[in-house]
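The lines below spell out each chain.
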Amino acid sequence: MNTSKVIDGKAAAARVLASVKADVSKLKSDGIEPALAVILVGQDPASQVYVRNKILRAEEAGIRSLEYRLSAETPQAELLKLITELNDDHSINGILLQLPLPAHIEEALVLQAIAPGKDVDGFHSENVGGLSQGRNVLTPCTPSGCMQLLEDACGDLSGKHAVVIGRSNIVGKPMAALLLKAHCSVTVVHSRSVDAKALCRQADIVVAAVGRPRMIDSSWLKPGAVVIDVGINRIEEDGRSRLVGDVDFDSALPQVSAITPVPGGVGPMTIAFLMKNTVTAALQQFHSRQAHAQQSTTQSSPSEAVCLSIS
Ligand code: NAD
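A brief report on the enclosed structure follows. (Residues numbered from 1 in each chain as written. Predicted model: local features only at pLDDT ≥ 70, side-chain atom pairs only at ≥ 80, totals over all residues. Heavy atoms only, no water.)

1. A word on helix α7 (residues 172–181)
For step 1, the next point in the chain: Most of α7 is tucked away: seven of the 10 residues are buried.
For step 2, the next point in the chain: When α7 is considered as a whole, its buried residues turn out to be Gly 172, Pro 174, Met 175, Ala 176, Ala 177, Leu 178 and Leu 179.
For step 3, the next point in the chain: Tucked into the core, α7 has its buried residues touching α5 (125–132), α6 (141–154), β5 (161–165), β6 (185–189) and β7 (205–208).
For step 4, the next point in the chain: Looking one or two residues beyond α7, the residue adopting positive phi is His 183, at roughly 70°. (Buried < 20%, exposed > 50% of the residue type's maximum accessible area, 1.4 Å probe, protein only. Helix = DSSP H or I, 4+ residues; strand = E, 2+ residues; numbered from the N terminus. Contact = heavy atoms within 4.5 Å.)

So, in structure tokens, the structure goes:
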């Protein structure tokens, strides 16, 4: 009998979004309306779909969303000006700049212009540094979603050996940092690794973020491993276009104790954690404004302060 478990990312994302919705409703009853600004530069078709989905999920969660669609020719200075305006606007809690950007825009520079407290993608160096120090900062959405799926599947991750395949700034590196924070022993495998397969075969947990269709089959996996497949690869097969992961799902399934499918695994969690980060940012900004107001007035006392918390 096959006892392997297919992890249902859609159901997990629905649980996260339901909790976000409840938090938003609580914040609204206290006079705070979380708001997310989404910036899209250019006409990339995949980015347009991602942005539309993000806006839809925000609306469903009760988060106010503002969409800024800029032409592909937008000068970098104009994009920076918009980011500065959004940074200064207290009614905006999160700023998401959809990647990739047109070639004439310096990605690292504009991402760094987003205020760290509004950086709901967790790409600002202050948040990256905070994560590597194990602090509670805004953390990249895809790795955060992967962690939730792993905690749901495995419970306590402490002491487990995790292999992350891929070392990108968006997925691989923050994933490794989060696993380390959860007390795993972490190995990061990448394009220059010698015998990546042998390293991977030692892992209790495998997170694949490579971008190569079905690269990892059962021969890469220890029996009973838990596999999170981040890869999204479009291939032509049997005369039709379809999405597959970095893991050869059919080959891996009998070997593993749990695995995410593609699609329907990590993808839905990424958007859910974007919403969660927006609410976290709104709450942090509220508390920081409140602390600032208390410092600058001699009349208010701590007992008069509104204290909000969310799950
Ligand atoms: P990337 O291209 O920036 O990084 C790929 C990494 O894979 C690199 O660090 C490289 O060293 C490593 N690599 C390449 N070939 C390798 C090999 N043969 N052996 C071991 N390592 C190898 O990609 P990324 O942005 O990290 O994305 C990875 C995949 O995840 C892509 O398919 C992407 O579409 C997908 N993705 C999915 C989501 C989601 O929401 N599900 C989010 C982000 C990325």
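2. Digging into the pattern of salt bridges
For step 1, the next point in the chain: Enumeration over the complete set of coordinates arrives at eight salt bridges.
For step 2, the next point in the chain: Salt-bridge contacts for Glu 85 lead to Lys 81; the nearest nitrogen and oxygen are separated by 3.3 Å. Placement of the pair is Glu 85 and Lys 81 together in helix α3 (residues 76–88), with a separation of four residues, close to one helical turn.
For step 3, the next point in the chain: Under the relative-accessibility criterion, Glu 85 is labelled partly exposed at 44%.
For step 4, the next point in the chain: Residue Glu 237 pairs with Arg 214 through a salt bridge whose shortest N-O separation is 2.6 Å. Residue Glu 237 is located in strand β9 (residues 233–237), and its partner Arg 214 is located in the loop between β7 and β8 (226–229); the two are separated by 23 residues in the primary sequence.
For step 5, the next point in the chain: Residue Arg 214 is classed as partly exposed on the basis of its relative accessible area, which comes to 29%.
For step 6, the next point in the chain: Among the ionic contacts, a cluster of salt bridges with common partners joins Arg 214, Glu 237 and Arg 242. (Salt bridge = Lys/Arg side-chain N within 4 Å of Asp/Glu carboxyl O.)

3. Quick word on the side chain of His 161
For step 1, the next point in the chain: Within the secondary structure layout, His 161 lies in strand β5.
For step 2, the next point in the chain: Given a relative accessible area of 16%, His 161 falls into the buried group.
For step 3, the next point in the chain: If we skip the residues at most four places from it in the chain, His 161 touches Ser 185, Thr 187, Leu 199, Gln 202, Ala 203, Asp 204 and Ile 205.

4. A few points about the sheet that holds strand β3 (residues 64–70)
For step 1, the next point in the chain: Sheet architecture is open: three strands sit in the order β3-β2-β4, paired in parallel fashion. Two strands close off the open sheet at either side, each with one partner strand: β3 and β4 (94–97). Each adjacent strand pair in this sheet contributes to an overall mean axis angle of 15°, direction not counted.
For step 2, the next point in the chain: Where strand β2 (residues 35–41) meets β3, seven bridges bridge the pair, whose relative direction is parallel. The residue bridging Ala 35 from the neighbouring strand is Arg 64, located in β3. (Pairing = 2+ DSSP bridges. Axes fitted to C-alpha atoms, helices over the stretch in contact; angles between N-to-C directions.)

5. As for the packing of α6 against helix α10 (residues 266–296)
For step 1, the next point in the chain: At their nearest, the axes of α6 and α10 sit 7 Å apart, and the two run at 110° to each other. With respect to each other, α6 and α10 are oriented roughly perpendicular. Residues Cys 141, Thr 142, Ser 144, Gly 145, Cys 146, Gln 148 and Leu 149 of α6 form the contact with α10, whose participating residues are Val 266, Met 269, Thr 270, Phe 273, Leu 274 and Asn 277.
For step 2, the next point in the chain: Across the contact of α6 with α10, the residue classes tally to seven nonpolar, six polar and no charged. (Parallel < 35°, antiparallel > 145°, perpendicular 65-115°, else oblique. Nonpolar A, V, L, I, M, F, W, Y, C, P; charged D, E, K, R; others polar.)

6. Describing the side chain of Asn 93
For step 1, the next point in the chain: Secondary-structure assignment places Asn 93 in the loop between α3 and β4.
For step 2, the next point in the chain: Within the structure, the side chain of Asn 93 is placed 2.8 Å from the backbone nitrogen of Ala 35, a separation counted as a polar contact.
For step 3, the next point in the chain: Aside from chain neighbours lying at most four places away, what touches Asn 93 is Glu 33, Pro 34, Ala 35, Gly 117, Lys 118, Thr 278, Ala 281, Ala 282 and Gln 285. (Polar contact = N/O pair within 3.5 Å; in protein donor to acceptor, adjacent residues only side chain to side chain.)

7. Focus: the layout of surface pockets
A water-sized probe rolled over the atoms picks out the places where empty space is left.
For step 1, the next point in the chain: Approximately 1,300 Å³ is the volume attributed to the largest pocket.
For step 2, the next point in the chain: What lines the largest pocket is a set of 46 residues, and nearest its centre among them are Tyr 50, Thr 142, Ile 232, Gly 267 and Thr 270.
For step 3, the next point in the chain: Of all the elements in the fold, those that place two or more residues in the lining of the largest pocket are α1 (9–29), α2 (45–61), β4, α6, β9 and α10.
For step 4, the next point in the chain: When grouped by side-chain class, the residues that make up the lining of the largest pocket number 27 nonpolar, 12 polar and seven charged.
For step 5, the next point in the chain: Taken domain by domain, the lining of the largest pocket gets at least three of its residues from each of domain 1 (30–115) and domain 2 (141–267).
For step 6, the next point in the chain: There is about 480 Å³ of room inside the second largest pocket.
For step 7, the next point in the chain: Lining the second largest pocket are 16 residues, with Asn 136, Val 137, Thr 139, Ser 144 and Phe 273 positioned closest to its centre. (1 Å grid on protein atoms, 1.4 Å probe; cavity = no way out; pocket = protein on both sides within 12 Å on 5 of 7 lines; lining within 4 Å. Points joined across faces, edges and corners; volume = space filled by probe spheres on them. Domains from an automatic or database assignment.)

Coordinates in, geometry out; function isn't part of it.
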